[in-house]
Amino acid sequence: MKLSLSKVAQGYRLGTLNNLGRKGDRTMEFPGCLLYTRTGSAPHLTHDTLQVISRVPVMTQLTLSSLAEHYEVLEEYKEGIGKFIGMPESMFYCSLHDPVNPCPAGYVTNKSVSVWGVGGRLEMTAAKFMSVQQALQPDWFQCLSDGEALCGEVFSAKRARKSVDRSLAFLDECLKLQEQSEVLRSCVMIGVIEGGDILEERLRSARETAKRPVGGFLLDGFHGDAMTKETRLQLISAVTAELPEDKPRLICGIGQPDEVLECIEAGVDLFESFFPYQVTERGCALSFSFDYQPNPEDTLLQQNGEKEEGEIGDCIDKVTTTKRVPETSFEINLKEKKYRDDFGPVVEGCSCYCCKNHSRAYVHHLLVTNELLAGVLLMIHNFQHYFGFFCAIREALRKDRLGQLKELICSS
Amino acid sequence: MAAPRESQSTRSPEPMAAVAASAAGPGTRAPAALALRVVAECGRSKARACELRLPHGTVATPVFMPVGTQGTMKGVTAAQLDSLGCRICLGNTYHLGMRPGPELIQKAGGLHGFMNWNQNLLTDSGGFQMVSLLALSEVTEEGVRFRSPYDGTEILLSPEKSVEIQNALGSDIMMQLDDVVSSTLTGSRVEEAMHRSIRWLDRCISANRRPDQQNLFAIIQGGLDPVLRSKCLEEMTKRDVPGFAIGGLSGGESKEQFWKMVTLSTDQLPREKPRYLMGVGYATDLVVCVALGCDMFDCVFPTRTARFGSALVPTGNLQLKKKQFAKDFQPIDEACTCPTCQRHTRAFLHALLHSNNTAALHHVTTHNIAYQVWGPLGPDFIG
């Protein structure tokens with residue numbers, strides 16, 4: 001893998017990762033995102049419906065939590081996860097957990113980390129973890145790590161220190177095991193930066209992890225509400241400053257457009273795409289504009305399409321349910337009555353399959369009647385919109401227009 | 001069969017308002033919205049292969065029509081359904097009449113426009129659902145009176161109302177409102193229902209405001225009584241409808257009784273009009289009923305069973321969620337060329353079916369639709 005930077009400024013990086021994949025002939029642009037999957041499949045989508053989406057990322061995120069329980073099957077299958085799930089052409093990054101379903105705390109020991117599959121808790125020692133990776137054969141994988149730095153709801157310095165110590169110990173153990181396996185040597189290990197909200201620990205984690213022969217870094221534990229935005233960004237910047245320039249930086253649990261931009265400015269390269277899935281699950285469609293150089297006519301069209309939106313404005317719905325994350329200002333809720341007879345596309349100007357073929361009224365009907373097709377169409381739209389957003393980010397960086405894009409996004 | 005089966009229909013870019021001009025002889029009335037051409041007939045059975053020309057394109061029969069109850073084929077997109085070779089599918093008048101309602105659908109350009117489905121659509125009358133889904137429905141000469149399950153208001157579904165809703169939906173084929181009784185029922189109610197269905201047929205025919213674009217089919221009733229059924233056939237075939245459905249079967253009756261009534265019906269139905277056997281969809285039944293002279297079939301079974309992880313195969317079905325498939329690396333069916341079988345193994349589908357990713361259901365639904373549309377009635381059915 002070779003990382004080429006075409007631009008570095010104000011904290012952010014624009015570039016490409018080259019010589020990726022089994023044959024060393026694949027390329028990935030960054031800042032970018034990975035395709036989110038659940039049990040090895042994009043949510044709601046089969047190969048045919050995934051194909052209609054533009055700019056699907058070249059790298060797919062798999063979660064160990066959803067696949068570990070199929071370890072025996074994969075061992076017997078022998079041909080790796082890509083072929084097993086019917087995506088032989090994709091590259092894969094295997095994360096430990098699923099960003100959408102955080103696991104209960106308190107199940108990390110010095111010897112193991114637990115993941116939760118459909119069948120329940122699976123305890124992963126370093127050895128077990130590496131044998132599962134051997135059966136999966138991903139291109140990249142997150143190393144076994146201790147991501148818990150909280151004691152209840154607040155960070156604990158003691159716990160943060162432990163998370164760093166343990167993660168480094170797991171890293172060293174896994175690296176040793178990797179050396180012993182030819183299959184695993186062709187996979188890239190991603191080192192995990194822990195440390196809660198303690199600057200000292202974060203720096204220690206970054207420096208120590210950077211000393212090991214990992215192929216990239218995952219910034220863990222920056223999601224959720226335990227940290228303030230300011231703290232988060234300060235820590236991320238501090239961490240990335242300690243990391244080598246020539247290796248990619250991933251972050252987990254961050255998906256909202258404004259937060260993505262902030263993290264990019266703090267030196268992060270790669271993100272997950274679980275956010276469009278969460279939007280889909282609440283019957284919503286991403287509608288935020290990332291067109292910072294719009295055609296005046298298009299702006300008018302968009303505004304007319306959204307004119308009733310002004311009443312709701314950009315206030316964030318604070319009503320939370322036990323399962324759902326509240327609606328953001330980046331989306332419209334197609335279950336609302338006003339869409340019942342709105343025959344326009346979900347988002348004016350969007351060229352996705354859903355917007356080219358169906359109306360808001362139809363999607364509204366599907367949602368009201370609880371039809372499966374609602375999820376399919378919304379997932380298509382939301383993924384395409386989100387991937388388009390990342391394309392716009394790279395474009396804006398290329399043209400030095402990040403400020404304009406940021407302004408547009410943060411005024412959503 | 002002597003002649004080889006003709007290729008599947010081609011899609012016409014726009015709906016044809018008048019289809020049968022060429023088939024109509026001299027001195028006939030305005031062209032109908034349907035034309036049937038018998039392409040081949042079996043020497044040993046009553047099976048036939050036909051070309052059914054409808055406003056939204058030609059359909060090769062025998063044909064299995066998947067059921068897309070609420071204006072959607074479950075998790076399968078219109079484009080996918082099209083690429084599976086489906087040229088006609090069903091929508092349910094009762095469900096769509098409730099949500100989103102005929103006015104909205106009309107505004108959307110009919111059900112074709114609302115779903116963005118440019119092939120053919122067949123809608124049922126709404127009668128069957130009401131009688132089977134609603135605890136409190138009452139049948140009178142007027143129509144079926146029931147309470148809306150959504151807001152409790154009293155609604156009357158009359159022959160006129162049913163046709164009015166179906167006219168708004170704009171389906172290529174619409175069904176008369178019939179007085180449906182269970183096939184296991186005996187006695188005077190069966191006879192009453194048969195006669196009423198004839199009267200309701202006449203009312204439906206009168207109420208159809210778009211006979212040049214929408215084909216109203218009659219539904220033969222009479223239960224399992226050959227005398228009643230023959231009487232119904234005699235009367236209904238006097239009416240000039242574009243096609244006939246064989247109704248009142250596929251309930252609780254025995255197979256023997258079922259087939260007897262089917263063959264009795266096809267014996268007395270005109271050759272040049274399509275025969276639609278309602279609610280029949282299990283593979284063995286399809287093959288037998290094609291041999292008995294039926295052309296069109298519908299059933300929720302393939303799509304419904306898919307959502308339970310059950311995949312249809314020539315030998316029956318595979319309950320893919322079962323443990324035995326966990327390490328089965330074959331596709332659902334080696335001989336199947338559907339997208340699911342081209343790319344996925346039973347083992348993967350098994351794993352995915354145990355997750356909450358709905359994609360699992362879509363994979364099986366796609367396969368089952370392909371299986372029904374191509375399989376039992378495919379080019380090899382002549383065998």
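Residues numbered from 1 in each chain as written. Chains lettered and ligands numbered in written order. Predicted model: local features only at pLDDT ≥ 70, side-chain atom pairs only at ≥ 80, totals over all residues. Heavy atoms only, no water.

Q: Sorry if this is basic, but what is going on with the pattern of salt bridges here?
A: Side chains that carry opposite charge are capable of pairing whenever their charged atoms lie near each other. All names here are of chain A. All chains considered together, the criterion is met by 53 salt bridges over all chains. Where arginine 161 meets glutamate 201, a salt bridge forms, and the shortest distance between an N and an O atom there is 3.7 Å. Separated by 40 residues along the polypeptide, arginine 161 in helix H6 (residues 157-179) and glutamate 201 in helix H8 (residues 199-211) bring together distant segments of the chain. Residue class for arginine 161 comes out partly exposed when judged on its relative accessible area of 41%. The class for glutamate 201 is buried, based on a relative accessible area of 6%. (Salt bridge = Lys/Arg side-chain N within 4 Å of Asp/Glu carboxyl O. Helix = DSSP H or I, 4+ residues; strand = E, 2+ residues; numbered from the N terminus. Buried < 20%, exposed > 50% of the residue type's maximum accessible area, 1.4 Å probe, protein only.)

Q: What is the right way to read the UniProt feature "binding site: Zn(2+)" (unreviewed entry) in chain A from this model?
A: Residues and elements named next belong to chain A. Mapped onto the present numbering, the UniProt feature "binding site: Zn(2+)" (unreviewed entry) falls on Cys350, Cys352, Cys355 and His381. Spanning 32 residues, the named residues nonetheless gather at one spot, since no C-alpha pair among them exceeds 8.3 Å. Along the chain, cysteine 350 falls in the loop between strand E18 (331-333) and helix H14 (353-357). For cysteine 350, the residues in contact, after removing those within four places along its chain, are Cys355 and His381. (UniProt positions renumbered as here; feature names shortened; annotations may be inferred. Contact = heavy atoms within 4.5 Å.)

Q: Explanation requested: the domain arrangement of chain A in the structure shown.
A: It is common to give the size of an interface as the accessible area lost on bringing the parts into contact. All names here are of chain A. Here chain A is partitioned into domain 1 (31-272) and domain 2 (283-289 + 328-411). On the domain 2 side, the residues contacting the 26 residues of domain 1 number 24 residues. At the junction of domain 1 with domain 2, the criterion picks out one salt bridge. Salt-bridge contacts for lysine 406 lead to glutamate 265; the nearest nitrogen and oxygen are separated by 2.8 Å. Inspection of the region where domain 1 meets domain 2 yields four residue pairs in polar contact (both at pLDDT 80 or more). Of all elements in the fold, only strand E4 (32-33), strand E5 (35-36) and helix H10 (257-265) reach the threshold of two or more residues within the side of domain 1 that touches domain 2. (Domains from an automatic or database assignment. Polar contact = N/O pair within 3.5 Å; in protein donor to acceptor, adjacent residues only side chain to side chain.)

Q: Would you take a moment to explain the interface of chain B and chain A for this structure?
A: Between chain B and chain A, the contact holds 40 residues from the first and 39 residues from the second. Both sides together, the interface formed by chain B and chain A hides about 3400 Å², and carbon and sulfur atoms give 60% of it. Seen at the junction of chain B and chain A, the total is five salt bridges. Across the chain B-chain A interface, the total number found is 18 residue pairs in polar contact (both at pLDDT 80 or more). Looking at the side of chain B that touches chain A, the elements with two or more residues in it are helix H1 (78-83), helix H3 (102-107), helix H4 (110-115), helix H12 (339-343), helix H13 (346-353) and helix H14 (359-374) of chain B. (Buried area = accessible area lost by both parts, 1.4 Å probe.)

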